[in-house]
Amino acid sequence: MSEDGQQPIIVLEDVCKYFGDFQALKNINFQVQKGERIVVCGPSGSGKSTMIRCINRLEEHDSGKIIVNGHELTNDVKDIDAVRREVGMVFQSFNLFPHLKVIDNLMLAPKLVRKTSKAEARESAMRLLERVYIPDQADKYPSQLSGGQQQRVAIARALCMNPEVMLFDEPTSALDPEMISEVLDVMVELAEEGMTMVCVTHEMGFARSVANNIAFMDRGEIVETNPPNEFFNNPRNERTKLFLSQILSH
Amino acid sequence: MSFDVSLIIDSLPKMLRGLGLTLQLLFISSFIGLALAVVILLMRISGRWFLSAPAAVYIYVFRGTPILVQIFVIYYGLPQFELIRESIFWPILREPFGCCVVALSLNSGAYVSEILRGGVLGVEKGVLEAASAVGLSKRQRFIYITTPIAVRLAIPAYSNDTISMLKATALASTVTLLEVTGVARTIVAETFAPYEIFIAAAIIYVTLASMFQKGFGLFEKRMSRYVKDA
Amino acid sequence: MSELSGWWDDYFWGAMVVLRVFVVALVMSVVFGLIGSAMKLSKSRIAQRLASAYTVVFRGTPELLVLLIIYFGAAVTLTSIVQIADPNVKFVDIPPFWAGAFAIALIVGSYMTETFRGAFLGVDPGQLEAARALGISNFKTFIYVRIPQMWRLALPSFGNHMLSLMKDTALISVVGLEEIVFVAEMATSVTVKPFTMYIIVALIYLAITTVITLSVMALEKYANRHLQGSR
Ligand SMILES: Nc1ncnc2c1ncn2[C@@H]1O[C@H](COP(=O)(O)OP(=O)(O)OP(=O)(O)O)[C@@H](O)[C@H]1O
Ligand SMILES: [Mg+2]
C-alpha cells in the first residue's frame, strides 16, 4: 500500500475484539499512511466505533497487533499516553468538558500534558478557535453553544495537542442538518492541509470529495476497501452493494 | 390547658444558648465526616478489594443502624473495655460531647461518601473518554474533570444530609448534653409546658434548616453557571 | 457471650415491638404521604400551603423533638381534658407505642409526600392520553396505567424512607417504649456489660435493615422487569 516506502502511521494486524461472547471485531487488517484520509462506513453495529476506539485504546483489543506511529499498543501506560498525545479524537456527542469555558477546554491538555505555559496555551487555543471560525465564543461554556459550534470546539480541542492523526467517530450524526456543513467544512480544510484522518461517517458527499480510500465494515469485518470512485461506481461485495443502495436511495 | 405564647418568647433566649453547642456538634462532625467520606470514597473506587471491601462494610454498618444506638454503643458501651479507658482516646470518649462528635462524624462519613460516589458515577463516561483521548492521566482526570463535576452533582444530596445531621445533633440530649433540645427538655421538666417549649425549639431548627437549604441552593446555583437551564 | 444468657427472650420480644411499631407507623406514613401529595397536587391554594408547611416543618425538626412534642403534648392535653371530668386525676399516661408510631409516621409521611408527588408527576402524560384515546375510562387508566408506573418510580426512595422509619423506632425508647434499646438499658444495669448489650441492639437493627434493603431490591427488579434487555 505504501506509495513512497514510508512506514504506515497506523497498522492493525489481525485485530480481534470481544464483548463477552460477542465478537465485535474479526481479524481486522487495516493500514493508514501519513497524509491519507480514510472514511469508514457500514451499517449500525458493524464495529466501526469499536475499531476506531481501539486505535487510541479507549477499548482494548483482545488479540492481534495495533501499532500507532511506531508504538505498539499494549498495557504499558507510557505507550498509551504517547499514542494518545499523537492521536486526536472527535466524538459523535462532542464530549466537551462541561464545567470549563471553551478556551479552557482547549488549554487544559496542553497545560497538563505538554506543560505548555498558560500564555502560550491560550495563544494557540485562540489560533485554533479562529481556524474553526468561533474565536468570539472563547469565554462561553459549552452548553451555551449550538451543536455545530460545540463540535468545532471539540475538533479544536483535539488539534491543540498537535496530533499526527485525527480520528472522527460520526462527528456530524448528532447535529441538526443545518449545522452539518459547518463541521464538514472544517474537516475538509483539515484534509486539505494534509492531516491524516480516519473518519467514520455516512456523509457520502464528504467521502467522495475527501477520502483517498473508503473502508466498508459489516459484522465486525472490513469487507471492502477502495478509492471512492471505485467504491461507489463499482462495489464488488454484495453487502457493500446493499448498503450503498440503502444509503444512496434517500 | 392553655397555650402560652409568652412562654415561647421567654424560653427562646435560653434555648439560643444551647444553639452554640448544636452548631459546634454540627460543624465539627460535618468537617470530620467530610474528610472521612473522601477517604472512604477513594477506598471504594480504588478498584482494590482490600480497600473497597472494608469501606463498603463500614458504610453498610453505619447506614444500617440508628444513630442513637451508635451513640449509646460509644458512650455507654466502650468504657466496658479497659483498653479504651487506658488509651489516648479516653479523654474524648469519656465526655458525652466527644462521643457524640465521634458517632456523628462516623455516621456522616458513611452517608457523605455515598453521596460523593453518586456524584462521581454521575459524570458522563464520554467526557472522561474525551479527557483520556487528549492524554490526561487517570489522576489528572480525577482531579480536573471528575471532581469539579461530581461536586456540583452532589450538592443537593449533601444539602439534605447536612439538614439530617442538624436534626441528629438533637440526639446528644439523650447523653446529657445541653444543646437546643437538651435545654428545651430541662425547661419542660421545670415548667411542664411541652407545647410551647418544644415548639420554640422546633422553630429554631426549622429556621436553621431553611437557612442551610438556602445557602446550599445559592452555592449550587453558582456552581451550575455552566449548565444550560440553571 | 455468657452474660447474654437470660436476655435473649427480652431481645426477641423487644424486636417484636420494634416490628409492630414499624408496621403501624409505615401504614400511617403512607396515608399521610398520600394525603400530603394529594393536597400538594390539588388546585386549592390553601391545601397546597398546608401541605408545604407540613413538609417544611417535619423535614426541618429533629425526629426526637417531634416525638417529645407528640408524647408530652398529648399527655398534657389528655390530662387537662380528663381533669374537666375528674379533677383528682394528676396525670394521664400516654401509651408510648402509639405516640411513637404517630410521631414517626408524621415525619416519614412528610418525606413520602414528596416521593408520591414526584412519582405522580413522573408518569408520562402521553401514556395517559393514549389510554384515553383507546377509550379506557379515567378510573381504569388510573388503576391500570398510572398506579403501576407510580410505584415503579416511587420504589427506590420509598425503600429509603422505610429504612429511616425503621431506624427512627429506636427513639421511642426515650419515652419508655419497651423495645430493644430499652432492653439493653435494663440488661446493662444488671450485667454491667453495656457494650455487649448495645452491640446486640445494633446487630438486630442491622439484620432488619438488611432484610428491608434486600426486599426493596427484589421488588425493584420485579417492577423494572419490562425494562430488561434495553440499553
Ligand atoms: N461496551 C460494549 N459492551 C457490549 N457490547 C458492545 C459494547 N460496545 C459495542 N458493543 C457491541 O459491539 C458491536 C459493534 O459496536 P460499534 O459501536 O462498534 O458499532 P458501530 O459500527 O459504531 O455502530 P453505530 O453506527 O451504531 O455507531 C455492536 O453490536 C454493539 O452492540
Ligand atoms: Mg458507532
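Notes on the structure in this doc start here. All values reported here derive from a predicted model rather than from experimental measurement.

**Comments concerning the overall build of chain C**
Item 1. What chain C contains, in helices and strands, is 8 helices and 0 strands.
Item 2. Listing the helices and strands of chain C from first to last along the sequence gives α-α-α-α-α-α-α-α.
Item 3. Taken over C-alpha atoms, the radius of gyration comes to 22 Å for chain C, far larger than the 17 Å a tight globule of 231 residues would show.
Item 4. Overall, chain C is about 70 × 55 × 25 Å in size when its C-alpha atoms are taken along their principal axes.
Item 5. Across the 231 residues of chain C, 47% fall into the buried class.
Item 6. A separation threshold of at least 6 residues defines the contact pool for chain C, and within that pool the share at least 24 residues apart is 77%.
Item 7. Approximately 11900 Å² of chain C is accessible, and the part contributed by carbon and sulfur atoms is 68%.

**Focus: the sheet that holds strand β8 (residues 196–200) of chain A**
All names here are of chain A.
Item 1. The 6 strands are arranged β6-β7-β8-β3-β9-β10 in an open sheet whose pairing can be described as mixed. Two strands close off the open sheet at either side, each with one partner strand: β6 (87–90) and β10 (221–226). For this sheet, the mean inter-axis angle between neighbouring strands, taken without regard to orientation, is 20°.
Item 2. As defined by bridge partners, strand β3 (residues 37–41) adjoins strand β9 (residues 213–218) across 4 bridges and the pair is classed as parallel. Paired with I38 across the bridge in β9 is N213.
Item 3. Packing of helix α2 (residues 77–86) onto the sheet brings it into contact with β6 and β7 (165–169), and relative to β6 it is tilted by some 65°.
Item 4. Seen against the sheet, helix α5 (residues 147–159) touches β6 and β7 and runs at an angle of roughly 170° to β6.

**Things to note about the pairing of β7(A)**
All names here are of chain A.
Item 1. For β7, the buried fraction is high: 5 of the 5 residues fall into the buried class.
Item 2. Side-chain alternation along β7 places V165, L167 and D169 on one buried face and M166 and F168 on a second face that is also buried.
Item 3. Here β6 pairs with β7 via 4 bridges, running parallel. Pairing of V90 across the sheet is with F168, part of β7.
Item 4. Both β7 and β8 contribute to a ladder of 5 bridges, which runs parallel. By the bridge assignment, F168 is partnered in β8 with C199.
Item 5. Following the backbone out of β7, through helix α6 (residues 177–192) and into the adjacent parallel β8, one traces a crossover that is right-handed.

**Side note on the side chain of E63(C)**
Item 1. Of note, E63(C) is situated in helix α3 (residues 63–85).
Item 2. Non-local contacts of E63(C), meaning those with residues more than four positions away in its chain, are made with K167(B), I107(C), D168(C) and L171(C).

What counts, and at which threshold
Residues numbered from 1 in each chain as written. Chains lettered and ligands numbered in written order. Predicted model: local features only at pLDDT ≥ 70, side-chain atom pairs only at ≥ 80, totals over all residues. Heavy atoms only, no water. Helix = DSSP H or I, 4+ residues; strand = E, 2+ residues; numbered from the N terminus. Rg over C-alpha atoms; globule rule 2.2 N^0.38 Å. Buried < 20%, exposed > 50% of the residue type's maximum accessible area, 1.4 Å probe, protein only. Contact = heavy atoms within 4.5 Å. Areas by Shrake-Rupley, 256 points an atom, 1.4 Å probe, with all protein chains shown as cover. Pairing = 2+ DSSP bridges. Axes fitted to C-alpha atoms, helices over the stretch in contact; angles between N-to-C directions. Right-handed = clockwise from strand over helix to strand, strands pointing away.

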